[in-house]
Structure formats: C-alpha cells, structure tokens
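# A look at the structure
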Amino acid sequence: MRRISVFGATGSIGESTFDLLMRQGGPEAYHTVALTGGRNVARLAAMARALRAEVAVTAYDDCLPALRAALAGSGIAVAAGEAALIEAADRPADWIMSAIVGAAGLAPGFHALRHGTTLALANKESLVTAGPLLMAEAAKHGARILPVDSEHSAVFQALVGEDIAEVERIIITASGGAFRDWPMERLARASVAEASSHPNWDMGQRITIDSASMFNKALEVIETREYFGIAPEKIEVLVHPESLVHALVGFADGALMAHLGAPDMRHAIGYALNWPRRDPLPVARLDLAAIGALSFRAPDPARYPALRLAYEVMALGGTAGAAFNAAKEAALDGFIAGEIGFLQMAAVVEAVLAEMSSRQGLGNGALSLDNVMQTDAEARALARVVMGQQRTVA
Ligand code: NAD
Ligand code: MG
C-alpha cells in the first residue's frame, strides 16, 4: 500500500487532497503516515480517524491537549510543534503533500526529500525561498518534486515528452484577483474582507489576498524559474479573467501548448497523486461552446508592482527570494491586522528589499537552509520596522 502524509491537511489544499484520498479508497487504498494541521484540531482528528493515520500533528503546542482528547482511544499518536512536524516528515512515506502555507512549509518538505519521498509541492514558498537547495536535495536523494500549483502543474503536463531546451517561453495566467476591475484610487482603501474573496478560485485567505495584490503571481514567476530552470526573461504573466487556461508553453517552432481545465485544485492535486497515470477526477468538464469566448490582457505594471519586484528578486538571486517572501508575509500580516493599507504591502516589500540588498548584498554567498532562515527572520523584523515608520508618517 502506498504510504502517504499530508502537511497542512486542514487547509484548502489539504481538504481537497483529503477529498481525493477518500474518493480513491481512503484507508483501504492508502497507508496514511502523518497528517498535520494548526488550530482546527477537531477537523484534524476527524481526518486522522477517517484515514487511520499513524500520527496527527498540530503546529501549536497549546493545541496538543485538545488534539489528544479528540483522538483518545483511537490508537493514533499525537504530537505538537515544529520539531514534531520534522519528525513526521522523517517518517518513511512514498508520497507527501506539502500544503502548509508560508515559509513554515519549507523544513518539513526539505526533510522528506532526504528519504527519497515524492514531494507533491503546493507550498510555493519552498521554491521561492530555497529553490536551488530543494532541487539539489531532490537530485541527491533521487526524490521527485511534483508541482501542485495549478499553473505549474499545467506547464508540467504541457512538457510531457518535450525537451525543455526547445522551450522559448512559459506563460502563466493570472485571474487578476478580486480588484482587477477596480479603479486605482479605490485600491488604497480596499478592506481585508474585500481582498479575501476571489472571483474564480476557493482558496485559503492568505493566497486569496496575494492574488488580489498579484504577490501570488510574483511568487509563481519565481516558482516557474526554480521548478523548470528557465531564464527569467522567458517567463511571462498574462491576465486571463476566466481562469480556464492555466498556463501555456511556447516552443522553438512557435507552437503554444495550452492547458485548460475548470478552476478546481483537485485537478492539479489529482495529477500529482496519480502521476504518471491519469485517473478519473471529480472535476467539472469544460463546455467550451457554452463558455463561448476566452479573454486575455497584459498585466498593468502600475496596478501590480509585485510583478516587477519578482524579476528584480530573480536578478539578485541568492537569499533575495527568502527576503522577498518573508517581507511579503509580514506585510500581509500587517494588512490583515489592519496596520497598513492594501497598496502599502508592495511598498513595504520594496523598502525591505532595497535596505537588505544595500546592507549585505542579498545575492551573495552560498545558499543554505541556515542563511535562508536567517534572511527570513531579518526581513520579517525589518518589514515590521518599515510598517511602524509608515504608520508614524500616516
Ligand atoms: P490554508 O491557509 O487554507 O491552509 C494552510 C494549512 O497550513 C493549514 O492546515 C494550517 O493549519 C497549516 N499551517 C498554517 N500555518 C502553519 C505553521 N506556521 N506551521 C505549520 N502549519 C501551519 O492554505 P492553502 O490555501 O491550502 O495553501 C497552502 C499552500 O498551497 C500555500 O503555500 C499556497 O500558496 C499553496 N497553494 C494553494 C492553492 C489553493 O487553491 N488554496 C493553490 C495553489 C497553491
Ligand atoms: Mg497558482
């Protein structure tokens, strides 16, 4: 039986993964090693019982008593905290879903690769902060990383049987998020609730707000570079409000291979779960005649400064990705807490990048897990200082 684990099981990607696992036979078809979650211990416990997991892990120590109570008598082990997440990643498994949100998802996935485990990677932050490290670790241990982000799964599928050397460009699409049709002057006053509702995709709150600001696409541009090893100038972003074409790959002969599908993450998750087979998935089939037309437009650079920053980060290299992601996470925390406005997020990230690259040269030095973590901590601290200054000015 295939041994599987799901990190971030209680999140949006985690729930979709659980749904597919249960539809594909649940505990009769899979041996579930570990399931992890955060504060929603009741849901984590229910999933662990349904899949008869070996261990359920909450990220938070103070949630352990509740998790233990919820799993009493089940024979399922419980644990809590960062070290327990690593311990869970070190348990032998054949396939691991990495679906924790944020840089916290890096360490468990990194550990799993050391055991040659196939890593289904939804946590894009892993590649943004430590892409070269992750790819090298996978190569060293003969482990596979399968993309779960919809755009990257689409590119991966378009590349089956192709030679990456013949790829001229990769185009990833963006819906434009919640505010794509808002006038610019209204954006400054956009609320957290308004930014948390996506026109096409049902996702966790953080990635939904990142979609409205295009920080999500900025992370995905870097993810594309790290995953496919393609030069930054060959990566394009195209606004496509319908979210039906997920990505296109352009080849040397001018051909463009597009991937279309309903905006349902179970498509990308299922592809990574069943790969290299294509098993039936419970996703809606597109009726293109009913849809009638698809539209595309170039992203407006004034509206989406995050995209420009992504290319600057790629030019810097080194730990710039870690600084970028951490500053973005801190700015997002600030926006959610009501400390800064929607448009200030990009300003905070830009200020942090400028300060850190003039201070220590972000692109320099060998990349290691330690300096990624250290850069992450520095960028978060600096972002909080910048946000404090911005509040004082305002
Ligand atoms: P989510 O917020 O819905 O769920 C996050 C999960 O991680 C939860 O189980 C939560 O308990 C856990 N978690 C949160 N903080 C943690 C921490 N510090 N330590 C350990 N666990 C923690 O997020 P999501 O929308 O499912 O996204 C998960 C990842 O997948 C993100 O990296 C996101 O960018 C990526 N992704 C999501 C979608 C989507 O449709 N939701 C699409 C593409 C990529
Ligand atoms: Mg995506």
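Before going into details, it helps to say that this report is about the structure given with it. (Residues numbered from 1 in each chain as written. Chains lettered and ligands numbered in written order. Predicted model: local features only at pLDDT ≥ 70, side-chain atom pairs only at ≥ 80, totals over all residues. Heavy atoms only, no water.)

### Concerning the overall build of the protein chain
A tally of regular secondary structure across the protein chain gives 17 helices and 11 strands. Here the C-alpha atoms of the protein chain give a radius of gyration of 21 Å, agreeing with the 21 Å that 2.2 N^0.38 yields for 394 residues. Seen through its principal axes, the protein chain has C-alpha atoms that stretch 55 × 50 × 40 Å. Counting over 394 residues, the protein chain shows a buried share of 55%. As presented, the protein chain carries roughly 15900 Å² of accessible surface, and 54% of it is formed by carbon and sulfur atoms. Of the charged side chains in the protein chain, 33 are positive and 43 negative, and the gap between their average positions amounts to 4 Å. (Helix = DSSP H or I, 4+ residues; strand = E, 2+ residues; numbered from the N terminus. Rg over C-alpha atoms; globule rule 2.2 N^0.38 Å. Buried < 20%, exposed > 50% of the residue type's maximum accessible area, 1.4 Å probe, protein only. Areas by Shrake-Rupley, 256 points an atom, 1.4 Å probe, with all protein chains shown as cover. Lys, Arg positive; Asp, Glu negative; His and termini not counted. Charge placed at Lys NZ, Arg CZ, Asp CG, Glu CD.)

### Description of the coordination of the magnesium ion (ligand 2)
Within the first shell, the magnesium ion (ligand 2) binds the protein through Asp 149 (OD), Glu 151 (OE) and Glu 220 (OE), at distances of 2.1 to 2.2 Å. In primary sequence terms, the donor set of the magnesium ion (ligand 2) follows D-x1-E-x68-E. Remark: Glu 220 occurs in helix H11 (residues 215-228) and Glu 151 occurs in helix H7 (residues 150-158); sequence separation between them is 69 residues. Overall, Glu 151 belongs to the buried group, its relative accessible area being 7%. (Donors = N, O, S within 2.8 Å, 3.2 Å for Na, K, Ca; no water.)

### Looking at the side chain of Thr 173
For Thr 173, the location among the structural elements is in strand E8 (residues 167-174). A relative accessible area of 5% means that Thr 173 is categorised as buried. At a separation of 3.1 Å, a polar atom in the side chain of Thr 173 contacts the main-chain carbonyl oxygen of His 246. If near-sequence neighbours (up to four positions away) are discounted, Thr 173 is found in contact with Glu 151, Lys 217, Leu 238, His 240, Val 245, His 246, Ala 247 and Leu 248. (Polar contact = N/O pair within 3.5 Å; in protein donor to acceptor, adjacent residues only side chain to side chain. Contact = heavy atoms within 4.5 Å.)

### Structural notes on the pattern of salt bridges
Considering all chains together, one arrives at 25 salt bridges under this definition. A salt bridge links Asp 62 to Arg 39; the nearest nitrogen and oxygen atoms lie 2.9 Å apart. Taken together, the residues Asp 62 in the loop between strand E3 (55-58) and helix H3 (64-70) and Arg 39 in the loop between strand E2 (30-37) and helix H2 (41-51) connect sequence positions 23 residues apart. Grouping residues by exposure puts Asp 62 and Arg 39 together as exposed. Taking the shortest distance from any N to any O, the salt bridge between Arg 114 and Glu 137 comes out at 3.3 Å. Placement of Arg 114 in the loop between helix H5 (106-113) and strand E6 (118-121) and of Glu 137 in helix H6 (residues 124-141) is noted, with a sequence separation of 23 residues between them. Judged by relative accessible area, which is 37%, Arg 114 ranks as partly exposed. One network of salt bridges, with partners in common, ties together Lys 124, Asp 149, Glu 151, Lys 217 and Glu 220. (Salt bridge = Lys/Arg side-chain N within 4 Å of Asp/Glu carboxyl O.)

### Some points on the site of ligand 1
Taken together, 24 residues sit near ligand 1, with Thr 10, Ser 12, Ile 13, Gly 38 and Glu 125 positioned nearest. Within the contact set of ligand 1, an oxygen atom lies 3.4 Å away from a backbone nitrogen or oxygen of Ala 122. Within the contact set of ligand 1, an oxygen atom lies 3.0 Å away from a backbone nitrogen or oxygen of Gly 204. For the shell around ligand 1, the secondary structure elements donating two or more residues are helix H1 (12-23) and H6. Counted by class, the shell around ligand 1 contains 13 nonpolar, eight polar and three charged residues. Residue assignment places the shell around ligand 1 across two domains, with domain 1 (2-147) and domain 2 (152-262 + 284-291) each supplying three or more. (Near = heavy atom within 4 Å. Nonpolar A, V, L, I, M, F, W, Y, C, P; charged D, E, K, R; others polar. Domains from an automatic or database assignment.)

### As for the nonpolar core
Leu 35, Met 97, Phe 324, Phe 342, Met 345 and Val 352 are the most contacted members of the largest nonpolar core, which totals 130 residues. The element contributing the most residues to this core is helix H15 (residues 320-336), with 10 residues. Ignoring any residue separated from it by four or fewer positions in sequence, one finds Met 97 in contact with Ser 5, Val 6, Phe 7, Ile 13, Thr 17, Ala 120, Ala 122, Val 148 and Ile 269. (Core = buried A, V, L, I, M, F, W, Y, C linked by side-chain atoms within 4.5 Å.)

### A closer look at the environment of Gly 161
With respect to the helices, strands and loops of the structure, Gly 161 is situated in the loop between H7 and E8. Gly 161 sits in the exposed class, given a relative accessible area of 80%. Along the primary structure Gly 161 and Ala 112 are separated by 49 residues, whereas in three dimensions their C-alpha atoms are 27 Å apart.

### Side note on the sheet that holds E8
Backbone-to-backbone hydrogen bonds join strands into a sheet, with any given pair of strands oriented parallel or antiparallel. Spatial strand order, E9-E8-E10-E11: four strands in an open sheet with mixed pairing. Pairing within the sheet leaves two strands with one partner each, and these edge strands are strand E9 (235-239) and strand E11 (256-260). The mean angle between the axes of side-by-side strands here comes to 20°, regardless of whether they run parallel or antiparallel. Note that E8 and E9 share five bridges and pair parallel. (Pairing = 2+ DSSP bridges. Axes fitted to C-alpha atoms, helices over the stretch in contact; angles between N-to-C directions.)

### So, the packing of H7 against helix H12 (residues 266-274)
Contact geometry for H7 and H12: axes closest at 9 Å, N-to-C directions at 50°. One way to sum up the angle between H7 and H12 is to call them oblique. Note that H7 runs across H12; the crossing there is left-handed. Where H7 abuts H12, its residues Ser 150, Ser 153, Phe 156 and Gln 157 lie against His 267, Ala 268 and Tyr 271. Here the contact of H7 with H12 is composed, by residue class, of three nonpolar, four polar and no charged. (Parallel < 35°, antiparallel > 145°, perpendicular 65-115°, else oblique. Left-handed = near helix turned anticlockwise from the far one by under 90°.)

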